[in-house]
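# Per-entry structural report
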Amino acid sequence: MNPIFADLPTTIFEEMSVLARSHDAINLGQGFPDDPGPEDVRRKAADAVMDGNNQYPSMMGIPELRAAIAAHYAAHQGLTLDPNTEVMVTSGATEAIAGALFALLSPGDEVVIFEPAYDAYGPLIRRAGGVVRAVKLQPPHWKMTEAAIRAALSPRTRVVLLNNPLNPAGVVYGVDDLAILAKALEGNDAVVVSDEVWEHVVFDGLRHVSVLNVPGLRDRAVKIGSAGKIFCLTGWKVGFVAAAPHLLKALAKAHQFLTFTTPPNLQVAVAYGLAKPEAHFAAMRADLQGKRDHLARGLTSAGFDVLNSAGTYFINVDLAPKGLTDDAAFCRRLVKEAGVAAIPVSAFYGNGDMRTVVRFCFAKKEATLDEAVRRLVAAAPKLV
Ligand SMILES: Cc1ncc(COP(=O)(O)O)c(C=O)c1O
């Protein structure tokens, strides 16, 4: 077996899920909603299975969906994309990320990532022959600085892999932060691969800024999205890639031998969903923001130091003020003693070297959040 995968330990996600089941815990570790998702979008997918085409669709994605992606990003992010040469559909954002890395990297090339980083990045970079160079972000603000980015860059940097909004930190990088990134990249020809799967899940009136809107980055960046996150249908695994034609062409070559295509009925339904009015997306955000606030209040009442969450399905607590320095050990105690599962954020650092933050998912029914908070408050005297 390839050592990159053979040597991977059981992930903390798996460990916490097993522990959650054996302790009958409320699982706020898993990052998906317990809501069925928009009925009209699901109905469209069901109808398309019965009435539509179920054979291999176009490798780049059905024209109807590519047009819908371009129109959606024009309406919501002010982007101008040619659906024929700048948009591709993939089987989830994860396939898009893998395809981008396989297409862009040669053995020994370096990839700058920002930790905490989504767990797939490291293994995929290494399997593509790349070398990870991590910029380590720190709570409570998780700010990137020009100096830290420059320190991670080298003449071998081929890709800078950004995740904005950032899971698990819940931070949303705006125009100023992206300008810092663009400045740091002056004089270097790395491609920016921007994982923007959380683009619609931003709160407090914030608007997502795509890397493709940043002066100087439009022609050297790849934007990745996910219908799973946009419609709270995480199992659908329909992703999108948007990039200048010369980049998209290269990425399509990797995509054609990874999954080649994506279920046509889901593409039809996603095309329909992307054309929904702004009110739909605003309501989804408002619902999740209410859940965020609900869990934040509950965590505070249980004595936790809650960090700001400006986006994603996640909110974090900082253990450092309590003098606790082992987030994984804390999560094991939490599931056993309180009956609530969460994720230690050290799992998102290559060396596990930031060990004082714990992530909770709030995309759950209010009753589930209430019961989790009741348990946390009851167990608090033993825990923090
Ligand atoms: C940062 C990030 N990228 C990618 C994904 C996966 O997206 P998809 O399900 O579309 O592959 C996730 C899912 O949680 C994520 O948080």
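You'll find the structure just up there.
Residues numbered from 1 in each chain as written. Predicted model: local features only at pLDDT ≥ 70, side-chain atom pairs only at ≥ 80, totals over all residues. Heavy atoms only, no water.

Another aspect to go through is the environment of Ile224. Turning to its location among the elements, Ile224 is positioned in strand β7 (residues 221-226). Considering only alpha carbons, one finds Ile224 and Ala93, 131 residues apart in sequence, at a separation of 6.3 Å. Beyond its immediate chain neighbours, meaning those up to four positions away, Ile224 contacts Ala93, Ala96, Ile97, Val193, Ser194, Asp195, Glu196, Val197 and Phe240. (Helix = DSSP H or I, 4+ residues; strand = E, 2+ residues; numbered from the N terminus. Contact = heavy atoms within 4.5 Å.)

Across the five residues of strand β13 (residues 357-361), five count as buried, placing the element largely inside the fold. Every second residue of β13 is oriented toward a common face, with Val357, Arg359 and Cys361 on one face and Val358 and Phe360 on the other, all of them buried. As paired strands, strand β10 (residues 314-318) and β13 are joined by five bridges and run antiparallel to one another. When the sheet's bridge partners are listed, Asp318 is paired in β13 with Val357. By the bridge criterion, two bridges tie strand β12 (residues 343-344) to β13 in an arrangement that is antiparallel. Looking at the pairing, Ile343 lines up with Arg359 of β13. (Buried < 20%, exposed > 50% of the residue type's maximum accessible area, 1.4 Å probe, protein only. Pairing = 2+ DSSP bridges.)

Here the focus is empty space enclosed by the protein. For the coordinates displayed, the defined rule picks out two cavities of 30 Å³ or more. Together, His76, Gln77, Glu199, His200, Val202, Leu206, Arg207, His208 and Arg285 line the largest cavity. Residues belonging to the lining of the largest cavity are distributed by class as follows: two nonpolar, four polar and three charged. Approximately 30 Å³ is the volume attributed to the second largest cavity. Listing elements by their share of the lining of the second largest cavity, those giving two or more residues are β2 (87-90), α5 (92-104) and α10 (245-258). In terms of residues, the lining of the second largest cavity owes the most to one element, α5, which gives four residues. Residue composition of the lining of the second largest cavity, grouped by class: five nonpolar, three polar and one charged. (1 Å grid on protein atoms, 1.4 Å probe; cavity = no way out; pocket = protein on both sides within 12 Å on 5 of 7 lines; lining within 4 Å. Points joined across faces, edges and corners; volume = space filled by probe spheres on them. Nonpolar A, V, L, I, M, F, W, Y, C, P; charged D, E, K, R; others polar.)

Attention shifts here to the nonpolar core. Leu65, Phe114, Trp142 and Phe360 are the most contacted members of the largest nonpolar core, which has 136 residues in total. The greatest single-element share of this core, amounting to seven residues, is contributed by α5. Those residues in contact with Phe114, other than ones at most four positions away along the chain, are Val135, Leu137, Met144, Ile149, Val160, Leu161, Leu162 and Leu181. (Core = buried A, V, L, I, M, F, W, Y, C linked by side-chain atoms within 4.5 Å.)

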